[in-house]
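# An overview of the molecular structure
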Amino acid sequence: MNDLLYVNGGTPLNGTITVRGAKNFVSKAMVASLLGEGPSVLRNVPQIRDVGVVTGLLELHGVKVVADEVAGTLHLDPTDVESAHVADIDAHAGSSRIPILFCGPLLHRLGEAFIPDLGGCRIGDRPINYHLDILRQFGAVVDKREQGIHIRAPRRLQGTKIALPYPSVGATEQLLLTAVRAEGITELSGAAIEPEIMDLIAVLQKMGAIISVDTDRVIRIEGVDKLMGYQHTALGDRIEAASWGSAALATGGDITVKGATQPEMMTFLNTFRKVGGEFEVQEDGIRFYHPGGDLNAIVLETAVHPGFMTDWQQPLVVALTQAKGLSIVHETVYENRFGFTDALRGMGATIQVYKECLGGLPCRFGQRNFHHSAVISGPTPLSAADIEVPDLRGGFSHLIAALAAKGTSTVRGIGLIDRGYEYFQDKLDALGADVSRG
Ligand SMILES: CC(=O)N[C@H]1[C@@H](OP(=O)(O)OP(=O)(O)OC[C@H]2O[C@@H](n3ccc(=O)[nH]c3=O)[C@H](O)[C@@H]2O)O[C@H](CO)[C@@H](O)[C@@H]1O
Ligand SMILES: C=C(OP(=O)(O)O)C(=O)O
């Protein structure tokens with residue numbers, strides 16, 4: 001299939017679509033299955049590329065994976081991991097950031113792990129120093145080689161006390177997946193507490209782990225000697241749901257997203273309302289719609305949970321190009337997440353990016369030469385263009401812009417969008433979009 005989409009935009013997206021399990025949870029729950037002595041069953045699994053990548057990695061490590069794609073069920077049986085004992089570079093050739101999370105489970109099971117260069121979106125430097133420091137503190141030995149990083153546990157990993165300099169999602173997950181089977185108690189302060197992390201904790205508790213979460217970002221884990229398999233239904237993808245909400249706003253449409261849940265999206269819903277969008281929380285989803293009239297400019301800062309997610313930022317910026325007045329968006333999670341605005345400017349948007357921390361508190365990136373604040377002046381009509389997808393959310397944002405723009409746009413590299421948006425072309429068809437593969 002070609003990696004190119006023709007989008008004849010200018011018509012509102014209207015209709016109903018469904019989102020399934022969260023990309024940022026499902027891949028981690030799949031890794032957690034490596035910790036169990038018996039098989040696990042994961043439900044509400046979406047057909048996205050990242051699930052395929054992690055399936056491939058698990059299979060290389062000897063996990064039997066049986067998928068029912070229609071039902072969205074994965075059976076994961078790690079019984080043969082010891083006999084497969086894979087620990088070299090070929091085992092990890094992939095395009096996501098998930099391999100780094102294999103460390104804890106593999107160190108417990110095999111005493112060693114190998115991490116190649118990681119994939120994932122290029123939205124900043126994305127170092128892994130917190131991950132490696134955590135593993136070292138548990139007693140692992142980290143050896144950087146030309147092809148990747150070799151890590152070994154000369155003896156059973158020991159519980160420890162760790163303070164994260166920043167509430168990193170991946171580092172918190174690294175710690176959880178390692179501490180549950182380490183000897184003794186581990187305490188993490190400055191933890192990330194995103195809903196996807198809470199769902200991972202629920203999975204680990206089902207497996208036999210003992211984990212408590214305090215109100216002050218402190219997580220305590222009492223290590224146990226063995227864990228069982230789990231049965232779990234993944235929480236819905238709040239990033240995909242919000243992306244469709246922003247698409248409704250940008251195109252003047254009305255989209256009902258089945259599978260979207262209110263508690264995990266409260267911060268997005270507040271912002272959506274301030275911009276002038278309306279929503280209706282239903283029994284099994286959320287309806288997002290543009291009520292007509294002007295949209296409002298806003299001042300917005302991305303932050304860790306319970307703040308406004310960085311992954312919601314890019315699609316919402318497209319909607320802000322249609323709001324009346326000056327909006328300010330301060331990106332505080334990644335230093336380089338406004339690259340996608342170049343293409344929007346080419347389509348007629350008025351967006352200026354700045355190195356200063358605008359509209360909020362100073363963040364880690366102020367005074368450091370990163371264009372991490374944006375001022376958007378609207379409303380500006382968007383015109384069709386030839387666009388290259390830069391990353392997952394930036395790519396979806398370009399798609400929204402093309403759908404809002406009059407005329408036919410060519411969007412190249414749409415394969416990247418498959419990493420996190422299940423059946424997105426079918427969903428666009430269901431919403432009445434005029435799109436076709438090149
Ligand atoms: C697969 C997955 O779940 N991806 C999500 C995860 O990414 P990921 O887990 O990679 O993001 P982190 O929360 O770790 O990153 C946050 C910040 O911490 C920095 N950092 C992180 C680790 C480290 O060792 N050193 C360091 O400096 C990063 O460069 C970034 O500036 O959380 C992000 C923040 O909600 C989301 O945007 C991603 O969609
Ligand atoms: C940044 C993202 O993902 P990843 O961490 O997988 O690159 C994302 O989902 O927007």
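Cut-offs applied
Residues numbered from 1 in each chain as written. Chains lettered and ligands numbered in written order. Predicted model: local features only at pLDDT ≥ 70, side-chain atom pairs only at ≥ 80, totals over all residues. Helix = DSSP H or I, 4+ residues; strand = E, 2+ residues; numbered from the N terminus. Contact = placed C-beta atoms within 7 Å. Domains from an automatic or database assignment. Nonpolar A, V, L, I, M, F, W, Y, C, P; charged D, E, K, R; others polar. Buried ≥ 20, exposed ≤ 12 C-beta atoms within 10 Å, placed from the backbone. UniProt positions renumbered as here; feature names shortened; annotations may be inferred. Near = placed C-beta within 6 Å. Pairing = 2+ DSSP bridges. Axes fitted to C-alpha atoms, helices over the stretch in contact; angles between N-to-C directions. Parallel < 35°, antiparallel > 145°, perpendicular 65-115°, else oblique. Left-handed = near helix turned anticlockwise from the far one by under 90°. Core = buried A, V, L, I, M, F, W, Y, C linked by C-beta atoms within 7 Å.

Another aspect to go through is the overall build of the chain. A tally of regular secondary structure across the chain gives 13 helices and 24 strands. Long-range contacts, defined here as pairs at least 24 residues apart, represent 74% of the contacts in the chain between residues at least 6 apart.

Taken domain by domain, the chain holds domain 1 (4–19 + 237–437) and domain 2 (23–233). The distance between the C-alpha centroids of domain 1 and domain 2 comes to 30 Å. The interface is formed by 17 residues belonging to domain 1 together with 16 residues belonging to domain 2. Each residue belonging to the side of domain 1 that touches domain 2 can be placed in one class, and the counts come to five nonpolar, three polar and nine charged.

Right, let's talk about helix H6 (residues 169–179) for a bit. Note on helix geometry: an α-helix contains 3.6 residues per turn, so any two residues three or four positions apart are oriented the same way. Burial analysis of H6 places ten of its eleven residues in the buried class, the great majority of the element. Inspection of H6 places Gly-170, Ala-171, Thr-172, Glu-173, Gln-174, Leu-175, Leu-176, Leu-177, Thr-178 and Ala-179 among the buried residues, and these make up the whole buried set.

Before going further, it helps to examine the UniProt feature "binding site: UDP-N-acetyl-alpha-D-glucosamine" (unreviewed entry) in the chain. Under the UniProt annotation, "binding site: UDP-N-acetyl-alpha-D-glucosamine" (unreviewed entry) lies at Arg-97, Asp-311 and Val-333. Within the secondary structure layout, Arg-97 lies in the loop between helix H3 (81–84) and helix H4 (103–110). Those residues in contact with Arg-97, other than ones at most four positions away along the chain, are Leu-118, Gly-119, Gly-120 and Gly-170. Once residues within four sequence positions are removed from consideration, Val-333 is found in contact with Thr-302, Val-304 and Thr-310.

Once that is clear, we can look at the site of ligand 2. Every residue close to ligand 2 is listed here: Lys-23, Ser-96, Arg-97, Gly-120, Cys-121, Ile-123, Asp-311, Leu-392, Arg-393 and Gly-420. Split by residue class, the shell around ligand 2 holds three nonpolar, three polar and four charged. Counting the residues that make up the shell around ligand 2, at least three belong to each of domain 1 (4–19 + 237–437) and domain 2 (23–233).

Of all residues adjacent to ligand 1, which total 20 residues, the nearest are Asn-24, Tyr-130, Ser-168, Val-169 and Gly-170. Per-class residue counts for the shell around ligand 1 are nine nonpolar, seven polar and four charged. Of the domains in this structure, domain 1 (4–19 + 237–437) and domain 2 (23–233) are the two that each give at least three residues to the shell around ligand 1.

So, on to the environment of Val-180. Note that Val-180 resides in the loop between H6 and strand S10 (185–189). For the pair Val-180 and Ala-260, spaced 80 residues apart in the sequence, the C-alpha separation amounts to 30 Å. When residues no more than four places from it in sequence are discounted, the contact partners of Val-180 are Leu-35, Leu-204, Ala-209, Ile-221, Gly-223, Val-224 and Leu-227.

Let's shift gears to unusual backbone geometry. With an omega of 15°, the peptide bond between His-305 and Pro-306 qualifies as cis. Assignment of secondary structure puts Pro-306 in the loop between strand S18 (299–301) and helix H10 (310–320). In this model, Gly-378 is joined to Pro-379 through a cis peptide bond whose omega is 0°. Phi is positive for Arg-126, which is not a glycine, with a value near 50°. Along the chain, Arg-126 turns up in the loop between strand S6 (112–115) and helix H5 (129–137). In this structure Arg-126 comes out as partly exposed when scored by C-beta crowding, with 14 C-beta atoms within 10 Å. The phi angle at Tyr-423 is positive, at roughly 45°, despite the residue not being glycine. Here Tyr-423 is to be found in the loop between strand S23 (407–412) and helix H13 (424–430).

So, on to the sheet that holds S6. Hydrogen bonds along the backbone pair up the strands of a sheet, which may run parallel or antiparallel. Sheet architecture is open: three strands sit in the order S6-S8-S7, paired in antiparallel fashion. Every other strand in the sheet has two partners, leaving S6 and strand S7 (141–145) as the edge strands with one partner each. Averaged over all pairs of adjacent strands, the angle between strand axes in this sheet comes to 15°, irrespective of strand direction. Looking at chain direction, S7 and strand S8 (residues 148–152) are connected through five bridges and run antiparallel. Paired with Val-141 across the two strands is Arg-152, which belongs to S8.

UniProt tags Cys-121 as "modified residue: 2-(S-cysteinyl)pyruvic acid O-phosphothioketal" (unreviewed entry). Within the secondary structure, Cys-121 is located in the loop between S6 and H5. When residues no more than four places from it in sequence are discounted, the contact partners of Cys-121 are Asp-391 and Leu-392.

All right, on to the packing of helix H8 (residues 238–251) against helix H12 (residues 392–404) then. Close contact between H8 and H12 brings their axes to 9 Å; oriented N to C, the two are set at 25°. Classified by the interaxial angle, the pair formed by H8 and H12 is roughly parallel. Read as a crossing pair, H8 and H12 show a hand that is right-handed. On H12, the residues that touch Ser-243, Ser-246, Ala-247, Ala-250 and Thr-251 of H8 are Phe-396, Ile-400, Leu-403 and Ala-404.

A pair of packed helices is captured by two measures, namely the crossing angle of their axes and the spacing between those axes. Relative to each other, H5 and H6 sit at 20°, their axes nearing to 9 Å. As summarised for this structure, H5 and H6 are arranged roughly parallel, according to the angle between their axes. Crossing hand, H5 versus H6: right-handed. Facing Tyr-130, His-131, Ile-134 and Leu-135 of H5, the residues of H6 in contact are Gly-170, Ala-171, Gln-174, Leu-175 and Thr-178.

What follows is about the nonpolar core. Core analysis: the largest hydrophobic core is formed by 135 residues, its most contacted members being Ala-32 and Cys-103. Looking at which domains feed residues into this core, each of domain 1 (4–19 + 237–437) and domain 2 (23–233) gives three or more.

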